[in-house]
Amino acid sequence: MSILSSFAEALATARIEVVDLTAPLHSGTPVIQLPEPFAQTATFQLEELSRYDDRGPAWYWNNIRTGEHTGTHFDAPNHWVTGRDGEDVASVAARKLIAPAAVLDFSERAAQDPDFLLEVEHIREWEAEHGPLPEGGWLLFRTGWDARSESQADFLNGDESGPHTPGLSVECARWVAEESPVIGLGVETVGTDAGAAHSFDPPFPCHSALMGSGKYGLTQLQNLAQLPPTGALVVAAPLPIVGGSGSPSRVLALVERG
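Residues numbered from 1 in each chain as written. Predicted model: local features only at pLDDT ≥ 70, side-chain atom pairs only at ≥ 80, totals over all residues. Heavy atoms only, no water.

*Asks:* Would you take a moment to explain the pattern of salt bridges for this structure?
*Replies:* Pairing between side chains of opposite charge can happen when the charged atoms of each approach one another. Applying the stated criterion across every chain yields a total of six salt bridges. Here Asp20 ties to Arg250 by a salt bridge, and the two come within 2.7 Å at their closest N and O atoms. Taken together, the positions of Asp20 in strand β1 (residues 16-20) and Arg250 in strand β14 (residues 246-256) put the pair 230 residues apart, joining distant regions of the chain. Accessibility expressed as a relative area gives 24% for Asp20, which makes it partly exposed. Across the pair Arg142 and Asp105 runs a salt bridge whose closest N-O atoms are separated by 2.8 Å. A residue pair is termed long-range when its members are at least 10 positions apart, and Arg142 in strand β7 (residues 138-142) and Asp105 in strand β5 (residues 98-105) qualify at 37 residues. Linked by salt bridges that have partners in common, Glu48, Asp53 and Arg55 make up one network. (Salt bridge = Lys/Arg side-chain N within 4 Å of Asp/Glu carboxyl O. Helix = DSSP H or I, 4+ residues; strand = E, 2+ residues; numbered from the N terminus. Buried < 20%, exposed > 50% of the residue type's maximum accessible area, 1.4 Å probe, protein only.)

And the structure:
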């Protein structure tokens, strides 16, 4: 039996489970909010064209309006000024859209401290138990934040000082971007950076370092709790928007259940 035939059989018999890591996309999907005078991204919207009526008696369809970085989405290198000469989302090689994942679970720490920051030492401790991060794979940072995804206020978790969501320290962001073997970082929060990253030095280190190193981001992931620390295969499928800086994406994980 060929490799693909064996794979198809494993899917059919549920020896490989498909876990959807994608947040449903609707008008209430949380979006990032920037301070004035910066431009704001659009929430997701449907514009009905016809629904089995005089506008189209046998079909239902819509126009959609959304931002590239709304909902579960893919960040391409050209999303940030440090990667301005890098790939747009349409230029990302298809072979890179299927890759192994390491899932680092710090949900208990994030529950105690919404400003929790992942440090290089945390990753080293994880590697000591589970082995090295996968070459050409994803580092998926689980914080339990997907439980908040039905509420814009809870998801952004802001106050007068700004949003409070977990993320990576400046040193850790640089290490993931410049020294680790992964192709990108996946998170459950609205963006790859911590909520307080606007005040870091430099600000927004994940965006700056990852995009500047030609790496990628996946955000607003869900169901990371269903994945093992190692062994999952992630399929991240952004739209190939020519010139685009990112795209809403369907992100799936394939998990061998034995």
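*Asks:* In this structure, what is going on with the packing of aromatic side chains? I would like to understand it.
*Replies:* Think of a pair of aromatic rings as described by two things: how far the centres are apart, and how the planes are tilted against each other in angle. Tallying each qualifying case throughout the model produces seven aromatic pairs. Geometrically, the ring pair formed by Tyr52 and Tyr60 is tilted, given 6.2 Å between the ring centres and 55° between the ring planes. Residue classification places Tyr60 among the partly exposed positions, given a relative accessible area of 34%. An aromatic cluster is defined as three or more aromatic residues linked by ring pairs; in this entry it consists of Phe74, Trp138 and Tyr216. (Phe/Tyr/Trp six-rings, centres within 6.5 Å; stacked < 30°, edge-to-face > 60°.)

*Asks:* Help me understand the state of the cysteines in this model?
*Replies:* Two cysteines whose sulfur atoms are joined by a covalent bond form what is called a disulfide. For the structure shown, the criterion picks out zero disulfides. No disulfide involves Cys172; its sulfur sits 7.4 Å from that of Cys206, the nearest cysteine. Look at Cys206 and you get buried, because its relative accessible area is 1%. (Disulfide = S-S within 2.5 Å.)

*Asks:* When you look at the environment of Val242 in this model, what are you seeing that I'm missing?
*Replies:* With respect to the secondary-structure elements, Val242 resides in the loop between β13 (232-238) and β14. Taking the relative accessible area as the measure of exposure, Val242 reaches 76% and is therefore exposed. Along the sequence, Val242 and Val89 sit 153 residues apart, while their C-alpha atoms lie 7.0 Å from each other. Leave out the neighbours within four places in its chain, and Val242 touches Asp88 and Ala90. (Contact = heavy atoms within 4.5 Å.)

*Asks:* Where do I start with a negative patch on the surface in this structure?
*Replies:* Together, Glu121, Glu125, Glu171, Glu178 and Glu179 make up a region of like negative charge exposed at the surface. Put simply, the parts of the chain that give the negative patch at least two residues each are α3 (120-130) and α5 (170-178). Relative to the helices and strands, Glu179 is located in the loop between α5 and β11 (184-187). (Patch = residues over 30% accessible without salt bridge, like charges linked within 9 Å, V, L, I, M, F, W, Y side chains within 5 Å. Areas by Shrake-Rupley, 256 points an atom, 1.4 Å probe, with all protein chains shown as cover. Lys, Arg positive; Asp, Glu negative; His and termini not counted. Charge placed at Lys NZ, Arg CZ, Asp CG, Glu CD.)

*Asks:* Would you explain the side chain of His73 in this entry?
*Replies:* Within the secondary structure, His73 is located in strand β4 (residues 73-75). Since its relative accessible area comes to 2%, His73 is described here as buried. One polar contact links the side chain of His73 to the main-chain carbonyl oxygen of Gly71, over a distance of 2.6 Å. At a separation of 3.0 Å, a polar atom in the side chain of His73 contacts the side chain of Thr219. Contacts of His73, omitting those with residues within four sequence positions, involve Glu68, Val190, Gly217, Leu218, Thr219, Gln220, Ser247, Pro248 and Ser249. (Polar contact = N/O pair within 3.5 Å; in protein donor to acceptor, adjacent residues only side chain to side chain.)

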